[in-house]
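Structural overview
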Amino acid sequence: MSSASRQPYGVRAQRHPNALVKRLFEIAEAKKTNVTVSADVTTTKELLDLADRLGPYIAVIKTHIDILSDFSEETITGLTKLAEKHNFLIFEDRKFIDIGNTVQKQYHGGALRISEWAHIINCSVLPGEGIVEALAQTASSPDFPYGPDRGLLILAEMTSKGSLATGEYTKASVDYARKYRGFVMGFISTRALTEVQTDVTTAAEDEDFVVFTTGVNLSSKGDKLGQQYQTPRSAIERGADFIIAGRGIYAAPDPVEAVKQYRQEGWEAYLARIGASQ
Ligand code: S5P
């Protein structure tokens, strides 16, 4: 685990060169939460309802906007308003995975207008370096109106059984993150990746990538389709800065009670990691 991840979010916020990461850490510190809820519901009403009820307890909401049966302008304006009301960021889990020319069009414009409303996006590096270069290029172009308020997470590992996102793939993820560290905020991974030795790039002395970990659940070990879970505590101990939980929260009998539990366990594990008294 990096020395940065043993620092409080507030300290990391002060030191971080990336404006969006700074804001993310400030939100975590202010709201005392490292929870991202994966709001994998299928109607705008359910999504906005969840975002409003869980908003006070989360740092980020993660969407799969293409699973909504009724995506419209109302989805975008509603979600944006709630993000402002409750001070959380929006992460569209679109997992871009194509040639640079295609992902640029999928990200900026298109039917889903992802760049307009999602602070954070993610991509796989299966296509090679070009995908990261293309997304970074779009975000830094003079006519991109959202400027430094946008960032990319690289999907460096996956939680599903038999995942092929390992070894050389994970190493390439770290390499490209280091190379495009202005736009790349960090990783989706099951652990901290700072120890990964890359061939091409070297880690900056002040390297501080944000680690988001999915596959987090307090009461289940997995599902029937290969998902594998760990607890909020174990995710944070392995280096997660933000824990992402979906069904563990939104499918619980009382999602508000559930999010409070995840928040408490995630926050306590974070305090233990930074060596703060509870
Ligand atoms: O490796 C991964 C990466 C992601 S982004 N494993 C995952 O499960 N995810 C996403 O996290 C997945 O697409 C889903 O939206 C969420 C996990 O949902 P849960 O209900 O299993 O917590």
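We now turn to the structure provided with this report. Since this is a predicted model, take the numbers as computed values, not measurements.

What about the packing of aromatic side chains?
- Inspection of the entire model under this criterion finds 12 aromatic pairs.
- When the centroid spacing of 6.3 Å and the interplanar angle of 25° are considered together, the rings of Phe-25 and Phe-242 count as stacked. Of this pair, Phe-25 sits in helix H2 (residues 19–31) while Phe-242 sits in strand E8 (residues 242–245), placing them 217 residues apart in sequence.
- Under the relative-accessibility criterion, Phe-25 is labelled buried at 0%.
- A residue is classified by how much of its surface remains accessible, and Phe-242, at 0% relative accessible area, is buried.
- Relative to Phe-144, the ring of Tyr-107 has its centre 6.0 Å away and its plane inclined at 35°; by these criteria the two rings are tilted. Here Tyr-107 is found in helix H5 (residues 100–107), whereas its partner Phe-144 is found in the loop between helix H7 (129–140) and strand E5 (151–155), with 37 residues between them in sequence. With respect to class, Tyr-107 is no different from Phe-144; both count as buried.

A few points about the environment of Thr-170
- Relative to the helices and strands, Thr-170 resides in helix H8 (residues 167–179).
- The spacing of Thr-170 and Val-125 is 45 residues in sequence and 8.7 Å in space, taken between C-alpha atoms.
- Excluding residues that lie within four positions of it along the chain, Thr-170 makes contacts with Ala-156, Glu-157, Ala-165, Arg-191 and Leu-193.

With respect to the pattern of salt bridges
- Applying the stated rule across the entire model yields 18 salt bridges.
- The partner of Arg-12 in a salt bridge is Asp-241, and the shortest N-O contact between them spans 2.8 Å. Highlighted residues: Arg-12 in helix H1 (residues 9–15) and Asp-241 in the loop between helix H9 (232–237) and E8, separated in sequence by 229 residues. Taken individually, Arg-12 and Asp-241 each receive the classification buried, so the pair is uniform in this respect.
- A salt bridge links Lys-171 to Glu-168; its shortest N-O distance comes to 4.0 Å. Residue Lys-171 and its partner Glu-168 are located together in helix H8, separated by three residues, close to a single helical turn.
- Given a relative accessible area of 22%, Lys-171 falls into the partly exposed group.
- Three or more residues are tied together by salt bridges with common partners; here these are Arg-12, Asp-208, Asp-241 and Arg-273.

Focus: the nonpolar core
- Judged by nonpolar contacts, the single largest core of 88 residues is most densely connected at Ile-61, Phe-96, Ile-121, Val-132, Leu-135 and Phe-212.
- At eight residues, the largest contribution of residues to this core is made by helix H11 (residues 255–274).
- When near neighbours in sequence (up to four residues on either side) are disregarded, Ile-61 contacts Thr-36, Val-37, Ala-39, Leu-47, Ala-51, Leu-79, Phe-88, Leu-89, Ile-90 and Phe-91.

Comments concerning the side chain of Ser-38
- You can see Ser-38 is positioned in strand E1 (residues 35–38).
- A polar contact of 3.0 Å, which involves the side chain of Ser-38, links it to the side chain of Asp-40.
- Within the structure, the side chain of Ser-38 is placed 3.0 Å from the side chain of Lys-62, a separation counted as a polar contact.
- In this structure, Ser-38 is in contact with Lys-62, Ile-244, Ala-245, Gly-246 and Tyr-250, ignoring residues within four places of it in sequence.

Regarding unusual backbone geometry
- The phi dihedral of Asn-87 is positive, around 55°, even though this residue is not glycine.
- Looking at the element boundaries, Asn-87 is found in the loop between helix H4 (73–86) and strand E3 (89–96).
- Assessed through its relative accessible area of 34%, Asn-87 is described here as partly exposed.
- One non-glycine residue, Arg-113, adopts positive backbone phi at about 50°.
- Take Arg-113: it is sitting in the loop between H5 and helix H6 (114–117).

Quick word on H5
- Within the sequence span of H5, burial applies to Gly-100, Val-103 and Tyr-107. Buried residues along H5 cover an arc of 65° about the axis, so they all sit on one side.
- Against the buried residues of H5 lie E3, H6, strand E4 (120–123) and H7.
- Positive backbone phi, at 100°, marks Gly-109, one or two positions downstream of H5.

Notes on H2
- If you check H2, its first and last C-alpha atoms are 18 Å apart, about what 13 residues at 1.5 Å a residue would give, namely 18 Å.
- For H2, the complete set of buried residues consists of Leu-20, Val-21, Leu-24, Phe-25, Ile-27, Ala-28 and Lys-31. Each buried residue of H2 sits inside an arc of 155° when the element is viewed along its axis, so together they form one side.
- Capping of H2 at its N-terminal end is provided by Asn-18; its side-chain oxygen lies 2.8 Å from the backbone amide nitrogen of Leu-20.
- One or two steps after H2, the chain reaches Lys-32, where phi turns positive at roughly 50°.

Reading the values: rules and limits
- Residues numbered from 1 in each chain as written.
- Predicted model: local features only at pLDDT ≥ 70, side-chain atom pairs only at ≥ 80, totals over all residues.
- Heavy atoms only, no water.
- Phe/Tyr/Trp six-rings, centres within 6.5 Å; stacked < 30°, edge-to-face > 60°.
- Helix = DSSP H or I, 4+ residues; strand = E, 2+ residues; numbered from the N terminus.
- Buried < 20%, exposed > 50% of the residue type's maximum accessible area, 1.4 Å probe, protein only.
- Contact = heavy atoms within 4.5 Å.
- Salt bridge = Lys/Arg side-chain N within 4 Å of Asp/Glu carboxyl O.
- Core = buried A, V, L, I, M, F, W, Y, C linked by side-chain atoms within 4.5 Å.
- Polar contact = N/O pair within 3.5 Å; in protein donor to acceptor, adjacent residues only side chain to side chain.
- Arc of directions from axis to C-beta.
- Expected span 1.5 Å × (residues − 1).

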